[in-house]
Amino acid sequence: MMGAGKSCVGRCLQRRTKLAFVDTDDIVASKFGISIPEIFSKYGEQGFREAETQALRKLAPAKPTIIVTGGGMVLCETNLDLLKRLGVIVWLDGNDEILFERALRARTRPLLEGENPRATFTQLLQLRLPLYAKVAHIRVDTSALTDEEVAVAILSKLRKLRRNWRPGSPIPATA
């Protein structure tokens, strides 16, 4: 969800692991040549979501890669299937009030520009929570953690996941 720290935590993971790093928001913004808020303004949420799916479809990393997606990526069933094929999915969760405060601080959240941003955020979160739970292999609560602490928690859970996983079997979910 917006405000969970996806991009910052992704960069922390990249620094710690030296893996490649891709942010689908950057891919979409680059395709249009304008910022995400400008894309929403000019093409609407639907135009953004379609470009997001196209970006995800084109991802086929030849080597292990940290892929950061927008919080709404889960809204399209096709994306859920594409994400699952790409690897382990990490859900950065958090207390809704903290996530909301963080999201507002960014001031670049087109979906929160309406009359009642808090109500909109709550609606988005309630819609997305079951989708995050459905697709995630790993969940980390970011509420009281720094970005570096979240990265360490993810790496720890990945090590645990790997110990319990056998090639050829589905990736098991872990708490």
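Residues numbered from 1 in each chain as written. Predicted model: local features only at pLDDT ≥ 70, side-chain atom pairs only at ≥ 80, totals over all residues. Heavy atoms only, no water.

Peer 1: Kindly report on the overall build of the protein chain, identifying the contributing residues and their values.
Peer 2: Each helix and strand counted, the protein chain has seven helices and four strands in total. Relative to a compact globule of 175 residues, whose C-alpha radius of gyration would be 16 Å, the protein chain shows 16 Å and is just as compact. Summarising its shape, the C-alpha atoms of the protein chain cover approximately 50 × 35 × 30 Å along the three principal directions. Per-residue burial over the protein chain gives 38% buried out of 175 residues. Taking all contacts inside the protein chain whose residues are at least 6 apart in sequence as the whole, residues at least 24 apart take part in 69%. (Helix = DSSP H or I, 4+ residues; strand = E, 2+ residues; numbered from the N terminus. Rg over C-alpha atoms; globule rule 2.2 N^0.38 Å. Buried < 20%, exposed > 50% of the residue type's maximum accessible area, 1.4 Å probe, protein only. Contact = heavy atoms within 4.5 Å.)

Peer 1: Tell me about the nonpolar core, residues and numbers included.
Peer 2: Membership of the largest hydrophobic core comes to 45 residues, with the highest contact counts inside it found for Met1, Met2, Phe121 and Ile154. Take this core: its biggest share by element is seven residues, from helix 3 (residues 36-58). In this structure, Met1 is in contact with Lys6, Gly71, Leu92, Leu99, Phe121, Leu124, Leu125, Arg128 and Tyr132, ignoring residues within four places of it in sequence. (Core = buried A, V, L, I, M, F, W, Y, C linked by side-chain atoms within 4.5 Å.)

Peer 1: Describe the side chain of Thr24, listing the residues and the values that go with them.
Peer 2: Its place among the elements puts Thr24 in helix 2 (residues 24-32). Residue contacts for Thr24: discarding those within four places in its chain leaves Leu59, Ile67, Val68, Thr69, Gly70 and Met73.

Peer 1: Describe the packing of aromatic side chains, naming the residues involved and giving the relevant values.
Peer 2: Throughout the structure, instances matching the rule amount to four aromatic pairs. Here the aromatic rings of Phe32 and Tyr43 are separated by 4.7 Å at their centres, their planes lie at 40°, and the arrangement is tilted. With Phe32 in helix 2 and Tyr43 in helix 3, this pair connects stretches of sequence that are 11 residues apart. For Phe32, a relative accessible area of 23% gives the class partly exposed. (Phe/Tyr/Trp six-rings, centres within 6.5 Å; stacked < 30°, edge-to-face > 60°.)

Peer 1: Could you give an account of helix 3, with specific residues and numbers?
Peer 2: In this model helix 3 runs just 19 Å from its N-terminal to its C-terminal C-alpha over 23 residues, more than 12% under the 33 Å that 1.5 Å per residue would give. Taken as a whole, helix 3 carries its principal kink of about 115° at Tyr43. Every buried residue of helix 3 is listed here: Ile36, Ile39, Phe40, Gly47, Phe48, Arg49, Ala51, Glu52, Thr53, Ala55 and Leu56. Check the buried side of helix 3 and you find it contacts helix 2, helix 4 (77-86) and helix 6 (117-135). (Expected span 1.5 Å × (residues − 1). Bend = angle between axes of the 7 residues up to and from the residue.)

Peer 1: Outline the pairing of strand 4 (residues 138-141), listing residues and values.
Peer 2: Covered by surrounding structure in strand 4 are Ile138 and Val140 only, the residues Arg139 and Asp141 on the alternate face being uncovered. In the sheet, strand 3 (residues 90-93) pairs with strand 4 via four bridges, with the strands oriented parallel. Looking at the pairing, Val90 lines up with Ile138 of strand 4. (Pairing = 2+ DSSP bridges.)

Peer 1: Summarise the side chain of Thr69; cite the residues concerned and give the values.
Peer 2: Within the secondary structure layout, Thr69 lies in the loop between strand 2 (65-68) and helix 4. Non-local contacts of Thr69, meaning those with residues more than four positions away in its chain, are made with Lys6, Thr24 and Leu83.

Peer 1: How would you summarise helix 1 (residues 6-17) if you had to cite specific residues and measurements?
Peer 2: The end-to-end C-alpha distance of helix 1 is 16 Å, a good match for the 16 Å that 12 residues give at a rise of 1.5 Å each. By the burial criterion, the buried members of helix 1 are Val9, Gly10, Cys12 and Leu13. Seen end-on, helix 1 carries its buried residues on one side only, within an arc spanning 160°. Following helix 1 by one or two positions, Lys18 has its phi on the positive side, about 65°. (Arc of directions from axis to C-beta.)

Peer 1: Describe the environment of Arg128, with residues and values.
Peer 2: Mapped onto the elements of the fold, Arg128 is located in helix 6. Arg128 sits in the buried class, given a relative accessible area of 2%. Excluding residues that lie within four positions of it along the chain, Arg128 makes contacts with Met1, Met2, Arg49, Gly71, Gly72, Val74, Leu75 and Leu111.

Peer 1: An account of the environment of Leu104 is requested, with residue identities and associated values reported.
Peer 2: Here Leu104 lies in helix 5 (residues 96-106). Along the chain, Leu104 and Arg118 lie 14 residues apart, while their C-alpha atoms are 9.4 Å from each other. If we ignore the near neighbours within four places in the chain, the residues touching Leu104 are Leu112 and Pro117.

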